Amino acid sequence: MKKLNLAIIGQGRSGRNIHGQYLLTDDRFRIAAVVDALPERRERAAKEYGCDVYADYRELFGRTDLDFVVNSTFSHLHAPVTVDLLNHGFNVLCEKPAAKTPGQVQEMIDAAEKNGRMLAIFQQSRFAPYFEKVKEVLASGVLGRPVQISIAFNGYARRWDWQTCQDFNAGSLYNTGPHPVDQALNLLDYYEGEPTVFCKMDRANTFGDAEDYVKLILTAPDRPLIDLEISSCDAYPSYTYKIQGTRGGLSGSMTEIHWKYYSDLDAPRRELIRTPLSDANGIPCYCSESLTWTEESWSCPDPRTFSYASHRLYDTVYAHLTQGTPLPVTMKQVKQQIHVMNQCHLQNPLPPFPPQD
């Protein structure tokens, strides 16, 4: 088995607590270098990983032993740092959000194509067990035609770190949003065009100037309506999916899913009646029938949903770099996601806080 050498830029919650923590458990990868501006983080990385450490990512330039670089810088630096790395010959796995605008994503794509390098975005929630189960139930057709898909990534929180600041390309939509928005667009499956976007955002409990409430509606021809919430104002936390279909529905969370449906073959035959309805005694009545429902459920077999999804995404990176297997999360899909989130911000311009001259 070939072992891939990599560098991680950034040792914050993402670079250390997600990538570093996972990569230490996977024998296919070796953390050969870490970059962080803070000396205490460099010292800790050298001890934890036994790797080289640098204060600036440009100190990596000239190294030829790195198979790829994980870009876990601040969100507003994802695009420019990734482009710089690609132009210096590195393969890059970039944290989400990929960028602020679809134009920036295109710059990243152009740099990857020009230099013949890998460009991947860490959209690991595409591989979350609950999402794969939702897709499986939808693909089975038992729910009929999906009419509406509701997704909630909600909780109650007051937040005061850099992820609340617009100038860091932060806020709930760019921070949490890449996970459910990627899932929503994957279910919408309208990558050949751009969906219609309606969004309402608010700044409620945050101490920064970016949004912490998002209501997003997505529609496209011959597709279900998607209703997505990302809220820090929900005192009854809910990470949930709900699907309404023509023959049934689904309701569930990240750990448990239930769905029910009926068969057209078992349902009473009905035809439209345009005259007033009456029962056997001639008394006016309402449409009423008994359907035979089939109910099923699923529980997540592995409570480590996050690490499972990370493992699955790193599987795709490893297969791509060692076997040339195409990446399932494509940059075309990522560009559509950033287009949608950019549209949300254009519809909801939030003034900076405190006011700036």
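Whatever comes next refers back to the structure up there.
Model, not experiment: these values are computed from the prediction. (Residues numbered from 1 in each chain as written. Predicted model: local features only at pLDDT ≥ 70, side-chain atom pairs only at ≥ 80, totals over all residues. Heavy atoms only, no water.)

The subject of this paragraph is the packing of aromatic side chains. Counted according to the given criterion, the structure contains 15 aromatic pairs. Between phenylalanine 153 and tyrosine 239, the ring centres sit 5.3 Å apart and the planes meet at 55°, which makes this aromatic pair tilted. Of the two residues, phenylalanine 153 sits in strand 7 (residues 146-156) while tyrosine 239 sits in strand 11 (residues 233-245), which places them 86 residues apart along the sequence. The exposure class of phenylalanine 153 is buried, given its relative accessible area of 6%. The ring of tyrosine 318 carries arginine 28 above its face, with NZ or CZ at 5.1 Å from the centroid. Over the face of the ring belonging to tryptophan 293 we find lysine 260, whose NZ or CZ atom lies 4.7 Å from the ring centre. (Phe/Tyr/Trp six-rings, centres within 6.5 Å; stacked < 30°, edge-to-face > 60°. Helix = DSSP H or I, 4+ residues; strand = E, 2+ residues; numbered from the N terminus. Buried < 20%, exposed > 50% of the residue type's maximum accessible area, 1.4 Å probe, protein only. Lys NZ or Arg CZ within 6 Å of the ring centre and 35° of its normal.)

Pairing within the open sheet is parallel, and its six strands lie in the order 3-2-1-4-5-6. Where the open sheet ends on each side, the last strands, each with one partner, are strand 3 (52-54) and strand 6 (119-121). Across this sheet, the average inter-strand angle for adjacent strands is 25°, counted without regard to direction. When strand 1 (residues 4-9) meets strand 4 (residues 68-71), the two strands line up parallel, connected through four bridges. Within strand 4, the residue paired with isoleucine 8 across the bridge is valine 70. Sheet strands touched by helix 2 (residues 39-49): strand 2 (29-35) and strand 3. Its angle to strand 3, the strand with the most contacts, is close to 165°. (Pairing = 2+ DSSP bridges. Axes fitted to C-alpha atoms, helices over the stretch in contact; angles between N-to-C directions. Contact = heavy atoms within 4.5 Å.)

Take unusual backbone geometry next. Residue proline 97 is reached from lysine 96 by a cis peptide bond, and omega for that bond is -10°. Tracing the sequence through the fold places proline 97 in the loop between strand 5 (92-94) and helix 4 (102-115). The phi dihedral of aspartate 189 falls on the positive side, at around 55°, and the residue is not glycine. Take aspartate 189: it is sitting in the loop between helix 7 (178-188) and strand 8 (196-202).

Running from N to C, helix 3 (residues 78-87) and helix 4 point in directions that differ by 10°, and their axes come no closer than 9 Å. When the axis of helix 3 is compared with that of helix 4, the two are roughly parallel. Residues Ala79, Thr82, Val83, Leu86 and Asn87 of helix 3 touch helix 4, and the partners they reach there are Gln104, Glu107, Met108, Ala111, Ala112, Lys114 and Asn115. Per-class residue counts for the contact of helix 3 with helix 4 are six nonpolar, four polar and two charged. (Parallel < 35°, antiparallel > 145°, perpendicular 65-115°, else oblique. Nonpolar A, V, L, I, M, F, W, Y, C, P; charged D, E, K, R; others polar.)

The calculated volume of the second largest pocket comes to roughly 220 Å³. In terms of lining residues, the second largest pocket is bounded by Arg270, Glu271, Ile273, Leu277, Cys287, Ser288 and Glu289. Partitioning the lining of the second largest pocket into residue classes produces three nonpolar, one polar and three charged. (1 Å grid on protein atoms, 1.4 Å probe; cavity = no way out; pocket = protein on both sides within 12 Å on 5 of 7 lines; lining within 4 Å. Points joined across faces, edges and corners; volume = space filled by probe spheres on them.)

Below, the discussion takes up the sheet that holds strand 8. Strand order in this open sheet of eight strands is 8-9-10-7-11-12-13-14, and the pairing throughout is mixed. In the strand order of this sheet, the two ends are held by strand 8 and strand 14 (294-299), each with one partner. Sheet twist, expressed as the average angle between the axes of neighbouring strands with direction ignored, equals 10°. Looking at chain direction, strand 7 and strand 11 are connected through nine bridges and run antiparallel. Directly across from isoleucine 149, in strand 11, lies its bridge partner isoleucine 243. Helix-sheet contacts for helix 7 involve strand 7, strand 9 (213-219), strand 10 (225-231) and strand 11, and the interaxial angle to strand 7 is about 175°. This element, helix 9 (residues 331-347), spans strand 8 and strand 9 of the sheet and lies at about 55° to strand 8.

Of all seven residues that make up strand 10, five are buried, and the element is covered over most of its length. Here strand 7 runs beside strand 10; their pairing, made up of seven bridges, is parallel. The partner of alanine 152 across the bridge, within strand 10, is glutamate 229. Strand direction decides the pairing type here: strand 9 and strand 10, joined by six bridges, are antiparallel. Looking at the pairing, leucine 218 lines up with isoleucine 226 of strand 10. Counting the residues between successive antiparallel strands, the hairpin from strand 9 to strand 10 contains five residues, one of them, aspartate 222, with a positive phi of roughly 60°.

This part is about the side chain of asparagine 91. Within the element layout of this structure, asparagine 91 appears in the loop between helix 3 and strand 5. On the accessibility criterion, asparagine 91 (11% relative accessible area) is buried. A polar contact of 2.7 Å, which involves the side chain of asparagine 91, links it to the backbone nitrogen of methionine 118. The residues contacting asparagine 91, other than those within four sequence positions of it, are Asp67, Phe68, Val69, Arg117, Met118 and Leu321. (Polar contact = N/O pair within 3.5 Å; in protein donor to acceptor, adjacent residues only side chain to side chain.)

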